[in-house]
Each structure stands twice: as structure tokens, then as C-alpha cells.
Amino acid sequence: MSTGSRYTGLIEHYRDRLPVSADTRVISLGEGNTPLVQLENIPREIGKDIELYIKYEGLNPTGSFKDRGMTMAVTRAVEEGSRAVLCASTGNTSAAAAAYAARAGITAFVIIPEGKIALGKLAQAMIHGAVVLQIKGNFDVGMRLVKEVASEAPVTVVNSINPYRLQGQKTAAFEIVDELGRAPDYHCLPVGNAGNITAHWIGYCEYAHHDEGEVTAACGFCEGASCAYGGRGVTDTRPVMVGYQAAGAAPFMRGAMVDHPETVATAIRIGHPQSWDKAWKVREESGGWFDECSDEEILAAQKLLTSREGIFCEPASATSVAGALRDIQSGKIPEGSTVVCTLTGHGLKDPDTAIKQCEGAMQTVDAELDAVKDAILKHLA
Ligand code: AN7
């Protein structure tokens, strides 16, 4: 138990709202408590009166929001006596599983699609000592294999079908309400398996269960009137939830699973979302919608954030901003709104895609004063 003000991770911080007991050994790397940064330049440039924030989840210990779910999932796996965790991953889950397993002193097995995960994520899984199994198949195939092998080997699955993952991830919604004093009007996220959009809705709903003995803002994910959080809400507002997919991997737009998903945003190169039914329920309950963004729009939004706001996220994360800006410009998200976009992963995860976008941005000059001075003066001219 921390007694001072040192932040020691989201389980300690939100302990009374998470499935842990007083003597649970918490496996934490100090995740959560990420910055909510208000964008200044982009809203001005598009000429819209909008309070636009990004939730910078790339600043978690392994560089993505997955840490929120992984601290819970690994904590519970260890508590239940598990010696190994297993996941399929487009990259970030494998990085988080590898790190938290190392912290806990257990083994992580990760199944990844060959050649389709960003370099930083692969480096993380390997350096933390995970057993990395590359398959000649995409994430969805890997996920099927995980489910099949889990019943035949002594491993705990730590994909978001593990309910503790969503419990950990719901804390991002708590943090936003704690900071803003209310829920935003709109919350925009990139959608792959749709675990994160579901987790956020669970968090927002729990925080809105505020009447003593009665659930005022019931969501379809709790036990209704017997919800453990009734009477413990802190706000009566909930956002409209908006999920954006990459156009080549957009089952929620097709209304059906996609067998061969393709996108530059490899993190969300997912055609068979694991939280399919849950995400439709989120849309319905929150009055939200799904939409899709092209790879060009995604990369343009990534570039806009880096060049105008100094914020570097990976391509998948930029999908939330790409979609939100389009809906703000069209008026679907009206002026005067408060909007939060989750930036799910750090830009350093995928240096190759970033560098590819910046051709001609580097010049080679002689190692002499004149050459360097010329280059600077030419640029300023
Ligand atoms: C940066 O790592 O599924 O809709 O295996 O890494 O909750 O799936 C990653 C997903 C968005 C989508 N942004 O979240 C994995 C994996 C980033 C991601 C998503 C992912 P969900």
C-alpha cells in the first residue's frame, strides 16, 4: 500500500472499483494516469469552436493502452496460480503481455502474424523474453488458434476475451471524468477487436450509476439494479461513443466479418472482432456510430498531429482523430462540443511507417560550418 502521493498504477488508484482483494499481489509498471492534452492548433486551423482533447495512451509503460488491461489480467492470472500467459496480437498486446509477464516472473507466449507487426512491438516482445510464435496467417487466425490451444495447455489467455482486460481498460474513462469533472460529449476511438470501446463504455456507465440504491444510467454490461456501482457514481453524464475503423479492415461498416483485412495501421488489421456484439450494444446505448477512414486519411491525421501539435501516435491511433476531424468538419459532431480522441499507441512503435512518410525530410551536408550555415539560412529564406 502506498501511503504517500507516489502514483503506483491504476489498480492501486482505482482499487475499490476493480476485481482485486486487499491481499492481491498487484503486478504493475505504473500504468495509467496518462495526459489528457487539449489540442490548440488544429481546432483553430479548421475554424471550428470545439474543445478537442487527446488521451495520450501511448505514454503508458509499454507505449499503448494495453497496459491498463494487462496489469489486471496478469495480476489475476498470478493470483490464480497461472505460470504462463498466451495471446494472439497485432503487436501491442504482445508487448504488454511480455513486459507484465517478465515483471511477474511468468512466461508469455505470443502469436503474431508474420511480417505484419510494427518493428518496435516485435522488439518489445523479444527483449522482454516472450516466446514469440510467428504464424503464416493474420491476427484472426492467431486468435482462433489461441482459443483452441487454451483448452489443451496450462496457460491463461490475456486477449480482451479475458474479462479482466476490459476491467483494467475501463479506468481510462474514469481518468477522463476525474479530470474534466464530467464526461465529454463525444469519445472517439480506433476500433479493432472493439474491446477498448467496450471497456470505455463500461467505465463511463459505472461512473454514472449514482442514485442511492438505484441505477440511473444502466448499461447492458452490469447486473442492472444489483450493479456493484449503483450509488457510487460521480457524474450524470455519458458520452456518445464513436468508433472508427481502417477502410480495409472495417467489419462494423460491412455489417459482417472481413476475411482478408488490410491496412497500413497494422494494429487494427483485424477482420473478426472479438467484442462484436458488445460493440454494437455500445453504439446503441450511447447513441453513437461507426465509420471508416482510408489509409491516406489515417496517415494524414498522424502527420497533422506530429507537425501541428507535437504529438506522435502510431497510425492506428490516428484513426480516431482522422474520423473525428471529418465529423467535426461536417457538423455531425456539432460546434460547442467537448470531444476526446484516444491515441491508443505511441508513434515510436512503428518507426518504419513514420520515416516512409517523410521522404526528403533529411539532407546530407558536409561537416563544416559553411555547409551547416548555408543549409539553415536557405531554409529560413
Ligand atoms: C494502437 O495488440 O488487438 O478495438 O493484438 O494496438 O480494443 O482491439 C491491438 C489493438 C487500437 C484496437 N489501437 O483496440 C493487439 C490488438 C492500437 C492497438 C487497437 C489496437 P481494440
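Bear in mind that the values here come from a model prediction, so they are computed numbers and not experimental data.

Caption draft 1: Main features of the overall build of the protein. Helix and strand content of the protein: 15 helices and 10 strands. Whereas a compact globule of 381 residues would reach a radius of gyration of roughly 21 Å, the protein reaches 21 Å, a difference of no more than 12%. Along the first, second and third principal axes, the C-alpha set of the protein runs to 70 × 50 × 50 Å. Here the protein holds 381 residues, and the buried ones make up 55% of them. Once local pairs closer than 6 in sequence are excluded, the contacts in the protein between residues at least 24 apart make up 70%. Carbon and sulfur atoms make up 51% of the accessible area of the protein, which amounts to about 16,300 Å² in all.

Caption draft 2: Looking closely at the environment of Pro19. Structurally, Pro19 is set in the loop between helix 1 (10-13) and strand 1 (36-38). On a C-alpha basis, the gap between Pro19 and Arg76 in space is 8.6 Å, while along the polypeptide they are 57 residues apart.

Caption draft 3: The pairing of strand 5 (residues 131-135), seen in detail. Across five bridges, the pairing between strand 4 (residues 107-113) and strand 5 is parallel. The residue bridging Val110 from the neighbouring strand is Val132, located in strand 5. Tracing the backbone out of strand 4, into helix 5 (residues 119-127) and back to the parallel element strand 5 gives a crossover that is right-handed.

Caption draft 4: Region of the structure containing the sheet that holds strand 2 (residues 51-56). Reading across from one edge, 1-2-10-7-8-9 is the order of the six strands in this open sheet, with mixed pairing throughout. Edge positions in the sheet fall to strand 1 and strand 9 (289-293), since each of these pairs with one other strand and no more. Averaged over all neighbouring strand pairs, the angle between strand axes comes to 25°, with direction disregarded. For strand 1 and strand 2, the ladder comprises three bridges, and the chain directions are antiparallel.

Caption draft 5: A look at the packing of helix 9 (residues 195-207) against helix 11 (residues 276-286). In contact at an axis separation of 9 Å, helix 9 and helix 11 are set at 45° when each is read in the N-to-C sense. In terms of orientation, helix 9 lies oblique with respect to helix 11. As helix 9 runs across helix 11, the sense of the crossing is left-handed. Across from Ile197, Thr198 and Trp201 in helix 9, the residues of helix 11 making contact are Lys278, Ala279, Val282, Glu285 and Ser286.

Caption draft 6: Region of interest: the environment of Gly91. Assignment of secondary structure puts Gly91 in the loop between strand 3 (84-88) and helix 4 (92-104). The class of Gly91 is buried, set by a relative accessible area of 0%. Taking the C-alpha atoms as reference points, Gly91 and Glu79, separated by 12 residues in sequence, lie 26 Å from one another. Not counting chain neighbours up to four residues away, the residues in contact with Gly91 comprise Ile117 and Lys121.

Caption draft 7: Spatial organisation of the site of the ligand. Lining the immediate surroundings of the ligand are 24 residues, of which Asn92, Gly192, Asn193, Ala194 and Thr344 lie closest. The separation between an oxygen atom of the ligand and a polar main-chain atom of Gly192 is 2.8 Å. Gly195 places a main-chain nitrogen or oxygen 3.2 Å from an oxygen atom of the ligand. Listed by contribution, the elements that provide at least two residues to the shell around the ligand are helix 4, helix 9 and helix 13 (315-330). When its residues are assigned to classes, the shell around the ligand shows 10 nonpolar, 12 polar and two charged.

Caption draft 8: Focus on a nonpolar patch on the surface. On the surface, Val365, Val372, Ile376, Leu377 and Leu380 cluster together into a nonpolar patch covering about 460 Å² of accessible area. As for its position among the elements, Val365 is in the loop between helix 14 (351-356) and helix 15 (369-380).

Caption draft 9: Summary view of the sheet that holds strand 4. Strand order in this open sheet of four strands is 5-4-3-6, and the pairing throughout is parallel. Of all the strands in the sheet, just strand 5 and strand 6 (156-157) have a single pairing partner and so form its edges. Across the face of the sheet, helix 4 comes into contact with strand 3 and strand 4 while running at roughly 170° to strand 4. Against the sheet, helix 6 (residues 139-150) makes contact with strand 3, strand 4, strand 5 and strand 6, and its axis sits at roughly 150° relative to strand 3, the strand it touches most.

Rules used throughout
- Residues numbered from 1 in each chain as written.
- Predicted model: local features only at pLDDT ≥ 70, side-chain atom pairs only at ≥ 80, totals over all residues.
- Heavy atoms only, no water.
- Helix = DSSP H or I, 4+ residues; strand = E, 2+ residues; numbered from the N terminus.
- Rg over C-alpha atoms; globule rule 2.2 N^0.38 Å.
- Buried < 20%, exposed > 50% of the residue type's maximum accessible area, 1.4 Å probe, protein only.
- Contact = heavy atoms within 4.5 Å.
- Areas by Shrake-Rupley, 256 points an atom, 1.4 Å probe, with all protein chains shown as cover.
- Pairing = 2+ DSSP bridges.
- Right-handed = clockwise from strand over helix to strand, strands pointing away.
- Axes fitted to C-alpha atoms, helices over the stretch in contact; angles between N-to-C directions.
- Parallel < 35°, antiparallel > 145°, perpendicular 65-115°, else oblique.
- Left-handed = near helix turned anticlockwise from the far one by under 90°.
- Near = heavy atom within 4 Å.
- Polar contact = N/O pair within 3.5 Å; in protein donor to acceptor, adjacent residues only side chain to side chain.
- Nonpolar A, V, L, I, M, F, W, Y, C, P; charged D, E, K, R; others polar.
- Patch = residues over 30% accessible without salt bridge, like charges linked within 9 Å, V, L, I, M, F, W, Y side chains within 5 Å.
- Salt bridge = Lys/Arg side-chain N within 4 Å of Asp/Glu carboxyl O.

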